Amino acid sequence: MTYAAITGWGAAMPPSVLSNRDLSTFLDTNDEWITTRTGMKERRVSHVSGIEMAIIAAQRAIAAAGLDGKDIDLIVYGSCSNDEQVPNASSGVQAAIGAKHAASMDINTACTSFLYSLSTATAMIRTGVVKNALVIGVEIISPFMDWDNRNVAVLFGDGCAAVVVQASEREEGVIGEQLGCLADVRHTLRVRGMGTAYCNLDVTAGITSWDFDGQEIFRHAVQGMVQASAAVMKKCGVTPDDIDLVVPHQANLRIIEAVVSRAGVPMDKVMLTVQRYGNMSAATVPVALTEAIEEGRVKPGSLILMPAFGAGLTVCAHLVRWGERTTPLGLSDAAFPPTKLTALEQVNAIRAKKAEGAARSADGMRKARLVETSTK
Ligand code: UT7
C-alpha cells in the first residue's frame, strides 16, 4: 500500500501588516468590533504577486523535504485569486523551481482550495501516477477586495504556504477525508467583477464587489465542518480523544470555537493564526500547519484534524497522520524583496486605482450610451 507523506513545509507571509486601527482610518469600523466579532487583530498585504509568494513558499518546502525543484513531478496550486486566468498559475511556480518534468494544475474551491489540492495530490501519489508533489495554498485577496465594504474588508488577508507530499510505505499523510459542497447556498458568497459573467455588464474586470451573507455563511460553515469532522473520524475509526491537534480554516475565532466544541476537542488542541493573519482563504490551513510544526506542536505520529469551508459553499475535513520527522532537512534563502510601502499605503493605492477604474468605466458606459442614443 502506498501512502502520501507530508515531508516538507514552508510559509511565505508578506511583511506588511494591516491593523484594525489602519482599517478604521477609511472604514466605519473599530478594533473592538473586529476583535469581539472575529478575533482578528491584524492581517498581511502582499506587495508581490500570488505566484511570487508561492515560489518563496515552494522553495522553502522543497528545501525542508531535502529535495530539489527537479524532483517534483506534480504541482497543485490551490487558490481563488489567481494573478491571471490563463496561463495556469502553477506553471509560473514550475518554471521558477525548475520542475521540468512536472504536471501542473490549479484548483479553485475558494478557502478549501489547499485541502482539495492535498486530496488530489494524495490520490495521484497513492495510485502511482506521481511520486513527489508540491501542494500550495496561496491567496492574494487585497487587489480583489471591496475596500469600501466593511462587511468584508476587515476579514481577509494575503498569504501563502506550501507542502511537499511524497510516496511512502508507512501509513502517514492524509489517512481520510470528507469532501462536500453545499451548492444550494452558493449565492451567500460571491465576488462580482472577476469573470466572464461580467463582460457585458456595467463592470470593469477587477472592479469587484462582494455578495456576502455573513450569518448564513457562519451557520453553514459550523454545521458543515462539524458534520465533515464527525464523518472523517468515523470513517477512520478514531474518536475526538485521539486527535492531537486541530488545524482549522481560520475565518473567524467564533466559528473555530463553535466547531471544535461541537466536535468534542478542547481549544488547547487548536492551532490559531486568525488573530495575526485574518482569513487568508486557501492559505490559512497550510500557514497554520507550518507554524504549528515550527512551534513544536506537531510531534512524530501526531493525528491532525483539518476542517475547512469556503465559497461554494465547499466543506471538508481531513485527518493527517504525521510521520517521524518534524524538523526540516534543509533551509532555503528565498525571501520577499523589500518594500518601502506600509500595508495601509498599499491598500490606499489599490483603493485609488479602483476608484479611477470605476470612474473610467462609468464614463465609458456613459459615452457608449450617448453613441447608442445618437445612432438611434
Ligand atoms: O471563509 C469564508 C468567508 N466567510 C466567513 O468567514 C463569514 C462568516 N461570518 C462571520 O464571520 C460573521 O457573520 C461576521 C464576522 C461576518 C459578522 O459577524 P456577525 O456577528 O454575524 O455580525 P452581523 O453581520 O450580524 O452585524 C452586526 C452589526 C451590524 O449592524 P446593525 O445592523 O446591528 O446595526 C453590521 O452593520 O455590525 C455591523 N458591522 C460592523 N460594524 C463595525 C458589520 N461589519 C462591521 C464592521 N465594523 N467591520
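Our subject is the structure that appears above.
Residues numbered from 1 in each chain as written. Predicted model: local features only at pLDDT ≥ 70, side-chain atom pairs only at ≥ 80, totals over all residues. Heavy atoms only, no water.

Draft legend 1. Quick look at the environment of Met53. Tracing the backbone through its elements, the reader meets Met53 in helix 3 (residues 50-64). When the C-alpha atoms of Met53 and Ala251 are compared, they prove to be 21 Å apart, with 198 residues separating the residues in sequence. Excluding residues that lie within four positions of it along the chain, Met53 makes contacts with Ala12, Pro14, Ser46, Val48, Val138, Glu139, Ile140, Asp158, Gly159, Cys160 and Phe336. (Helix = DSSP H or I, 4+ residues; strand = E, 2+ residues; numbered from the N terminus. Contact = heavy atoms within 4.5 Å.)

Draft legend 2. Region of interest: the layout of surface pockets. By volume, the largest pocket amounts to about 1000 Å³. Lining the largest pocket are 36 residues, and of these Cys80, Ser81, Asn108, Val191 and Met194 sit closest to its centre. Secondary-structure elements contributing two or more residues to the lining of the largest pocket are strand 5 (103-107) and strand 9 (189-192). In terms of residues, the lining of the largest pocket owes the most to one element, strand 9, which gives three residues. Split by residue class, the lining of the largest pocket holds 17 nonpolar, 14 polar and five charged. If you add up the space inside the second largest pocket, you get close to 640 Å³. Lining the second largest pocket are 25 residues; nearest its centre among them are Trp33, Asn151, Leu155, Phe212 and Gly214. Per element, the largest residue contribution to the lining of the second largest pocket is four residues, and it comes from helix 7 (residues 214-236). (1 Å grid on protein atoms, 1.4 Å probe; cavity = no way out; pocket = protein on both sides within 12 Å on 5 of 7 lines; lining within 4 Å. Points joined across faces, edges and corners; volume = space filled by probe spheres on them. Nonpolar A, V, L, I, M, F, W, Y, C, P; charged D, E, K, R; others polar.)

Draft legend 3. How the structure looks around the packing of helix 7 against helix 8 (residues 253-263). Two elements in contact, helix 7 and helix 8, have axes separated by 9 Å at closest approach and are oriented at 35°. In the crossing of helix 7 with helix 8, the sense of the turn from one axis to the other is right-handed. Contacts from Phe218, Ala221, Val222, Met225, Val226 and Met233 in helix 7 reach Arg254, Ile255, Ala258, Val259, Arg262 and Ala263 in helix 8. For the contact of helix 7 with helix 8, the residue count by class is ten nonpolar, no polar and two charged. (Axes fitted to C-alpha atoms, helices over the stretch in contact; angles between N-to-C directions. Left-handed = near helix turned anticlockwise from the far one by under 90°.)

Draft legend 4. Geometry of the nonpolar core. Among the nonpolar cores identified, the biggest contains 36 residues, and Leu18, Leu23, Met145, Trp147, Ile255 and Phe309 are the most heavily contacted of them. Of all the secondary-structure elements, those providing two or more residues to this core are helix 6 (150-153), helix 7, helix 8 and helix 11 (343-375). Apart from the residues within four sequence positions on either side, Leu23 is in contact with Leu18, Thr29, Ile34, Arg43, Trp147, Ala153 and Val154. (Core = buried A, V, L, I, M, F, W, Y, C linked by side-chain atoms within 4.5 Å. Buried < 20%, exposed > 50% of the residue type's maximum accessible area, 1.4 Å probe, protein only.)

Draft legend 5. Spotlight on the site of the ligand. For the ligand, the set of nearby residues contains 24 residues, the closest of which are Thr29, Arg37, Gln215, Asn252 and Asn279. Within the backbone of Gly214, one N or O atom sits 3.0 Å away from a nitrogen atom of the ligand. Taking His249, its side chain carries an N or O atom lying 3.1 Å from an oxygen atom of the ligand. Summarising the interface, the protein chains cover 74% of the accessible area of the ligand, which totals 950 Å² for the free molecule. (Near = heavy atom within 4 Å. Polar contact = N/O pair within 3.5 Å; in protein donor to acceptor, adjacent residues only side chain to side chain. Areas by Shrake-Rupley, 256 points an atom, 1.4 Å probe, with all protein chains shown as cover.)

Draft legend 6. Examining the packing of helix 3 against helix 4 (residues 89-97) more closely. Close contact between helix 3 and helix 4 brings their axes to 9 Å; oriented N to C, the two are set at 50°. Judged on the interaxial angle alone, helix 4 and helix 3 are oblique. Considering only the axes of helix 3 and helix 4, their crossing is right-handed. Here helix 3 contributes Ile51, Ala54, Ile55, Ala58, Gln59 and Ile62 to the contact with helix 4, which in turn contributes Ala89, Gly92, Val93, Ala96 and Ile97. Counted by class, the contact of helix 3 with helix 4 contains nine nonpolar, two polar and no charged residues. (Parallel < 35°, antiparallel > 145°, perpendicular 65-115°, else oblique.)

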